[in-house]
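These are the residues of each chain, in order.
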Amino acid sequence: MYVSNVPLSHACNTFYSLQKGEKRTFRGYMKPTVQGAFNWRFTYQNTVDSTWADGQYSRADLPGGHFRILHAGVCACGKDLNVLSAQTVCFDQHPDREVQPGDIVISDSVHLAIPQDGYVMFSWCIEALEEKCILPATPDSRALVYIAMDEQAQTAPLDAFHLLNEDEEEPGVLPCLWEAERESVTHKMAFIGDSITQGCQTRLNYYEQWAARIIRGLPQNIAGLNIGLGYARAQDAARNGAWLRKLRDFDVVNVCLGVNDIFQMTETEDHADVLSRNLENTVRLIRQNTPHAKVVLFTIPPFSMEEKEEAVRESVNGCIRKTALGADAVFDMEILAVPDTRGKARFGDHPDGVGGAAVAGEYLTHFLPEHQHLLFAKAK
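Every chain is numbered independently, its residues counted from 1 as its sequence is written. Local features in this predicted model are restricted to residues of pLDDT 70 or higher, and side-chain atom pairs are both shown and tallied only at a pLDDT of 80 or more, whereas totals for entire chains, interfaces and linings draw on every residue. Only heavy atoms go into the side-chain values, all of them from the structure, while hydrogens and water stay out.

Another aspect to go through is the environment of R216. Here R216 shows up in helix α2 (residues 210–217). Sequence separation of R216 and E22 is 194 residues, and the distance between their C-alpha atoms is 38 Å. Note on definitions: a residue-residue contact is assigned when non-hydrogen atoms from the two residues lie within 4.5 Å. Setting aside residues up to four positions removed in sequence, R216 forms contacts with P7, K31, T33 and Y207. Strands are runs of DSSP state E lasting at least two residues, helices are runs of H or I lasting at least four, and both sets are numbered from the N terminus onward.

Moving on: the pairing of strand β12 (residues 144–148). Regular strands show a simple pattern: their side chains alternate between the two faces of the sheet. For β12, the tally of buried residues reaches 5 of 5 residues, placing the bulk of the element in the interior. Covered by surrounding structure in β12 are L144, Y146 and A148 together with V145 and I147, the residues of both alternating faces. Strand pairing is defined by DSSP finding a minimum of two bridges between the two strands. As judged from the 5 bridges shared by strand β3 (residues 23–30) and β12, these two strands associate in the antiparallel manner. Within the sheet, the bridge partner assigned to G28 lies in β12 and is V145. One ladder, built from 2 bridges, connects β12 with strand β13 (residues 162–163); its direction is antiparallel. Across the sheet, I147 pairs through a bridge with H162, a residue of β13. Any residue under 20% of the maximum accessible area for its type is buried, any over 50% is exposed, and the rest in between are partly exposed; the area is computed with a 1.4 Å probe on protein chains only.

What follows is about unusual backbone geometry. Residues other than glycine seldom take positive phi values, yet R142 does so here, at roughly 70°. Under the relative-accessibility criterion, R142 is labelled buried at 10%. For L325, which is not glycine, the phi dihedral falls at a positive 50°. Position of L325 relative to the elements: it lies in the loop between α7 (307–323) and β19 (329–331).

What follows covers the packing of helix α6 (residues 271–289) against α7. Here the axes come from fitting lines to C-alpha atoms, over the contacting stretch only for helices, and the angles between their N-to-C directions go from 0 to 180 degrees. Running from amino to carboxyl end, α6 crosses α7 at an angle of 40°, the nearest separation of the two axes being 9 Å. Taken together, the axis directions place α6 and α7 in an arrangement best described as oblique. The interaxial crossing formed by α6 with α7 has right-handed handedness. Two secondary-structure elements touch here, α6 through H271, A272, L275, S276 and L279 and α7 through V312, S315, V316, C319 and I320. Should an angle fall under 35 degrees it is taken as roughly parallel, and over 145 as roughly antiparallel, whereas 65 to 115 is taken as roughly perpendicular and any remaining angle as oblique. With the far helix as reference, a near helix turned anticlockwise by less than a right angle produces a left-handed crossing, and one turned clockwise produces a right-handed crossing.

In this section: the side chain of K31. By the element assignment, K31 lies in the loop between β3 and β4 (36–45). Each residue touching K31, except ones within four places of it in the same chain, is listed here: N5, V6, P7, G118, Y119, N205, Y207 and R216.

For Phe, Tyr and Trp, rings pair up if their centres lie within 6.5 Å, where Trp contributes its six-membered ring, and each pair is then called stacked (planes under 30 degrees apart), edge-to-face (over 60) or tilted (otherwise). Per the stated rule, a full pass over the model turns up 21 aromatic pairs. Ring geometry for F298 versus F331: centroids 4.9 Å apart, planes at 35°, classification tilted. Placement of the pair is F298 in strand β18 (residues 294–298) and F331 in strand β19, with a sequence separation of 33 residues. Neither F298 nor F331 differs from the other in exposure class; each is buried. Here F331 and F367 contribute two aromatic rings whose centre-to-centre distance is 5.4 Å and whose plane-to-plane angle is 90°, an arrangement assigned as edge-to-face. With F331 in strand β19 and F367 in helix α8 (residues 353–375), the pair connects residues that are 36 residues apart, well separated along the chain. Summarising the burial analysis for this pair, F331 and F367 share the class buried. These aromatic residues form a ring-pair network of at least three members: W40, F42, Y44, F67, F122, W124 and W178. Across from the ring centre of F250, 4.8 Å away, lies the NZ or CZ of K188, which sits over that ring. Only when the NZ of Lys or the CZ of Arg is both within 6 Å of the ring centre and within 35 degrees of the ring normal is a charge said to sit over the ring.

All right, on to the sheet that holds β19 then. Strand order across the open sheet formed by 5 strands is β16-β15-β17-β18-β19, with parallel pairing between neighbours. Looking at strand neighbours, the two that pair on one side only are β16 (222–226) and β19, the edges of this open sheet. Ignoring strand direction, the axes of neighbouring strands in this sheet form an average angle of 20°. Bridge count between strand β15 (residues 187–193) and β16: 5 bridges; the pairing is parallel. Within β16, the residue paired with F191 across the bridge is N226. On top of the sheet, α8 reaches β15, β17 (252–256), β18 and β19; it is set at about 175° to β19, its chief contact.

Attention shifts here to the pattern of salt bridges. Pairing between side chains of opposite charge can happen when the charged atoms of each approach one another. The salt bridge definition used is simple: a Lys or Arg side-chain nitrogen within 4 Å of an Asp or Glu carboxyl oxygen. Enumeration according to the criterion identifies 15 salt bridges in this entry. With its nearest N and O atoms 3.0 Å apart, the salt bridge here joins R277 to D273. Highlighted residues: R277 and D273, both in helix α6, separated by 4 residues, approximately one helical turn. A residue is classified by how much of its surface remains accessible, and R277, at 41% relative accessible area, is partly exposed. With a shortest N-O distance of 2.8 Å, R342 and E307 are connected by a salt bridge. Of the two residues, R342 is situated in the loop between β19 and α8 and E307 in helix α7; the sequence distance between them amounts to 35 residues. Salt bridges sharing partners connect three or more residues here, namely E310, R313, R321, D332 and E334.

Nonpolar cores are built from buried Ala, Val, Leu, Ile, Met, Phe, Trp, Tyr and Cys residues. Side-chain atoms within 4.5 Å join them into one set. Counting residues in hydrophobic clusters, the biggest one holds 65 residues, and the most contacted among them are M189, I192, W210 and L279. At 7 residues, the largest contribution of residues to this core is made by α6. When neighbours within four sequence positions are excluded, L279 is seen to be in contact with A234, L257, L297, V316, I320 and L325. With 41 residues, the next largest nonpolar core counts V6, F67, V74 and L174 among its residues.

In structure tokens, the structure reads:
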């Protein structure tokens, strides 16, 4: 079966904008979860998944624009990014593809042999076919992502590109799914969350955020997908839109949301009640979309909040611990808090690599073994 074989998230919370006739080449390097020789395919969903900041610039389910993929290619690369082999990527046996708003584009399969510590490199050139063309994207994948301001071949030298400037929130346009045909896989697990799940502010190309560490630490019969996104909220997931669509047919879904909901709600709302209902609805919709799925609901991570916001976090977490809000199991993220404090973040508000190791260690060493029978009891 084709399953995600990379541990970082290229889901979309914002977009890159082009004027009609403009071209850009985007290139990304990803370390596979499992190296070796596999058939690969790549999927791009031309819709924004979740909200950016307050939603004035980019919002959940914003359709992408009308554009053309002029050409695409992949390379198997060594640990120093040196190209070992290169192949053209086609779409329905054509090297180019016109893309309409809301389209889901799936490439034909290509065979790649990735060595230990090597990378899959994906590159494509896109031309806008309309003014103010929206290309759904993210600036926060924590992968090596490059942009050329013109058309470049897949094997063009890196000095023709510049590395994504994440400090300036420069977004990269790449497939959201990097899948390999792994015959040994029997179960699929996903992680949906905000910047803490995506791993924002962890070190570039270190794969040290907790979700990536868990995915890389899973038994090889369980494939993991990360669709965490900066600024995302439970309100986005509860829309049952493009973002949640990525979770269909997964056996286990881990949900870690709430921080941004707390900061973005209006003064007139009962914050704890609204957030609890959005989390509960998200759990319900995941099951509705995939009846056999099991859901793990994480408590809202500590974020060194002010008193008013912290009170909401504590209230919702109390509800999660007491009722699970309909989930099958609860994973407590208070492991990230300074002991004996009210939500002071021990490893930074966006957990660093040490915090990522703490969460992943607890999940893989204790939580998963203790809940494995429950979570995979009825999985396909």
